Amino acid sequence: MSKIRINKLIISCLTAMLGSACTDSTPDEQKGREDFSLQIFPQVTNVVVNSRTPVNETVIKKGDVGISIFPQDGYNTNKGIDGSTLYEPIPEYKRIRMSIDGNTCTYTTTEASESPAIYLKKNAGAVDLYAYYPYTTTLTYNLDKIPFTIGKNKDTNFDYMVPNGGKRTVDPMDNDNKDKNTCSIPIEFKHIMTQLEFRVTPSFWGQDLLPTFILYTKDANDLVTPVSKIATQGTYSCIDGSMQYSKYESTFAYTGDYIDATTSLTTSKQGFVIPPIEWKSGEPEISLFIEIRFNRTTPSPVQTEPYAFNLKDWPVTDGGTTRYGLLPGYKYVINATIDNFVKYSGVPSRVEWTDVPMDFPI
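Residues numbered from 1 in each chain as written. Predicted model: local features only at pLDDT ≥ 70, side-chain atom pairs only at ≥ 80, totals over all residues. Heavy atoms only, no water.

Engineer: Tell me about the overall build of the protein chain, and name the residues and values.
Structural biologist: Scanning the protein chain from N- to C-terminus turns up 2 helices and 27 strands. Counting across all 362 residues of the protein chain, residues that qualify as buried make up 51%. Taking the intrachain contacts of the protein chain between residues at least 6 apart in sequence as the baseline, contacts between residues at least 24 apart amount to 75%. Only carbon and sulfur atoms are counted for the fraction: they give 46% of the accessible area of the protein chain, which is about 16,200 Å². (Helix = DSSP H or I, 4+ residues; strand = E, 2+ residues; numbered from the N terminus. Buried < 20%, exposed > 50% of the residue type's maximum accessible area, 1.4 Å probe, protein only. Contact = heavy atoms within 4.5 Å. Areas by Shrake-Rupley, 256 points an atom, 1.4 Å probe, with all protein chains shown as cover.)

Rendered as structure tokens:
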């Protein structure tokens, strides 16, 4: 787990995917090699801004990116990973774990062999690279159906991302690469989840407070009937980021970190990601309720009533289209102060994902 800015980050590995070949070889040795190494730099962009340009502000220090390599057009979504034609003569490239630790990258293949680099064969033809974040060992069949589960604490709540534009094709023998032994490939990732961030400010001196942030969805017409609209399990496609949900809940509770009220009355910023909850015109209206409760403290601040909003009251216009609700690539900020009671200030604001550093697991 490391402290990162989770919307625009650059995974900068100077020895990155897929290696830095021939750096220790003599010119004659380099000329005779067939190996061609790629340097892949996964960049993460904020998908809600018009320019969609990443900023070079933060570097991920620890984390695992999943990568699969196939011959050009060799992956078939109907056949899945095991049935598609793999990169020959190295078929274990279907499930590569790119592990980042500081400025060092290592690569582990499906044969569990670890290497500081992974090499393509210079004359073996063009390849397609598929990538996703975070790497998972539960990917067993299809890059269109990578499983996810929304965790309820910071150790299990991940920021799921896929590349903009889907796969990347690399030809070691095209005009740009034919005279090279290495090639740098930037891959720009995008968020597929939405983020809720709570900015909680104590207004009294006291003991530490352990918060639980609770969401629940109800029918907006009667504000009583629970509506199961919070997806907690499903799959996503690393090709286009589309999601399919297998489990919905009407309530989601996330356990945060202790809020220090003993030595400082500064604002604590905590948050989590969930799949988007979008409302479309013509559908039944949905209200989102928000609560903050505190455990393991006596006495506890009290929330007298939940904070409620109709999803249709949260419009976003991006690219000329207006959409409503909690949308992918956006952060929704809830401000609250606490003394003996929890007091919300203003409506939740929608901000760029880059605005505030966040603690998220890697």
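Engineer: Describe the sheet that holds strand β14 (residues 210-219), naming the residues involved and giving the relevant values.
Structural biologist: The 4 strands lie next to each other as β17-β14-β20-β21, forming an open sheet whose pairing is antiparallel. Of all strands in the sheet, those bounded by a partner on one side alone are β17 (251-255) and β21 (307-310). Taken pair by pair, the neighbouring strands of this sheet meet at an average axis angle of 20°, ignoring direction. As judged from the 4 bridges shared by strand β20 (residues 286-295) and β21, these two strands associate in the antiparallel manner. Looking across to β21, one finds that Phe289 is bridged to Ala308. (Pairing = 2+ DSSP bridges. Axes fitted to C-alpha atoms, helices over the stretch in contact; angles between N-to-C directions.)

Engineer: Can you break down the sheet that holds strand β15 (residues 230-236) residue by residue, with the values?
Structural biologist: Across the sheet, 3 strands lie side by side as β9-β15-β16; this open sheet has antiparallel pairing. Looking at strand neighbours, the two that pair on one side only are β9 (146-149) and β16 (243-249), the edges of this open sheet. Put simply, the sheet's adjacent strands are angled 25° from each other on average, direction ignored. Bridge count for β15 against β16 is 6 bridges, and the pairing is antiparallel. Counted as the bridge partner of Ala231 is Tyr248 from β16.

Engineer: Describe the side chain of Asp128, listing the residues and the values that go with them.
Structural biologist: You can see Asp128 is positioned in strand β8 (residues 127-132). Apart from residues lying up to four places away in sequence, Asp128 is in contact with Ser68, Ile69, Phe70, Pro71, Gln72, Asp73, Gly74, Lys167, Arg168 and Thr169.

Engineer: Describe the packing of aromatic side chains, naming the residues involved and giving the relevant values.
Structural biologist: Under the criterion given, the structure shown has 19 aromatic pairs. Look at Tyr87 and Tyr93: their rings are 6.0 Å apart centre to centre, the planes differ by 15°, and that puts the pair in the stacked class. By relative accessible area, which is 6% here, Tyr93 ends up buried. Through a chain of ring-to-ring contacts, three or more aromatic side chains come together here, namely Phe148, Phe158, Tyr160, Tyr236, Tyr245 and Tyr248. (Phe/Tyr/Trp six-rings, centres within 6.5 Å; stacked < 30°, edge-to-face > 60°.)

Engineer: Any chance you could break down the environment of Phe272 for me, citing the residues and the numbers?
Structural biologist: Checked against the element boundaries, Phe272 lands in strand β18 (residues 268-274). Note: C-alpha distance between Phe272 and Ile150 (122 residues apart in sequence) is 9.2 Å.

Engineer: An account of unusual backbone geometry is requested, with residue identities and associated values reported.
Structural biologist: Across residues other than glycine, the phi torsion is negative in most instances, and most of the peptide bonds are trans. Between Tyr133 and the following residue, Pro134, the backbone shows a cis peptide bond with an omega angle of 0°. Relative to the assigned elements, Pro134 resides in the loop between β8 and β9. With phi around 60°, Asp73 is a residue other than glycine that occupies positive phi space. The topology assignment puts Asp73 in the loop between β3 (62-71) and α2 (80-83). Residues other than glycine seldom take positive phi values, yet Leu223 does so here, at roughly 55°. With respect to the helices, strands and loops of the structure, Leu223 is situated in the loop between β14 and β15.

Engineer: Explain the pattern of salt bridges residue by residue, including any values.
Structural biologist: All told, the structure shown has 13 salt bridges when counted by the stated rule. Among the salt bridges present, the one from Glu249 reaches Lys152, with a minimum N-O distance of 3.7 Å. Note that Glu249 is positioned in strand β16 and Lys152 in the loop between β9 and β10 (161-163), a separation of 97 residues in sequence. In this structure, the salt-bridge partner of Glu249 is Lys247, at a minimum N-O distance of 3.8 Å. We classify Glu249 as buried; its relative accessible area is 17%. A relative accessible area of 37% means that Lys247 is categorised as partly exposed. Salt bridges sharing common partners tie together Asp73, Asp128 and Lys167. (Salt bridge = Lys/Arg side-chain N within 4 Å of Asp/Glu carboxyl O.)

Engineer: For the pairing of β9, give the residues involved together with the corresponding values.
Structural biologist: In the case of a regular strand, side chains alternate between the two sheet surfaces. Along β9, the buried face is formed by Ile146 and Phe148; none of Pro147 and Thr149, which line the opposite face, is buried. By the bridge criterion, 4 bridges tie β9 to β15 in an arrangement that is antiparallel. Along β15, the bridge assignment pairs Thr149 with Gln233.

Engineer: I'd love a proper account of the nonpolar core, names of residues and values included.
Structural biologist: Ranked by size, the top nonpolar core spans 51 residues in total, and within it Phe198, Phe272 and Ile274 carry the most contacts. Tallying contributions element by element places β20 first for this core, with 5 residues. Here Ile274 is in contact with Ile150, Met193, Thr194, Leu196, Leu215, Phe252 and Leu326, once residues within four sequence places are set aside. (Core = buried A, V, L, I, M, F, W, Y, C linked by side-chain atoms within 4.5 Å.)

Engineer: Requested: an account of the side chain of Thr212, with residues and values cited.
Structural biologist: In this structure, Thr212 sits in strand β14. Residue Thr212 is classed as buried on the basis of its relative accessible area of 10%. Ignoring any residue separated from it by four or fewer positions in sequence, one finds Thr212 in contact with Ala253, Tyr254, Thr255, Glu291, Ile292, Arg293 and Asn295.

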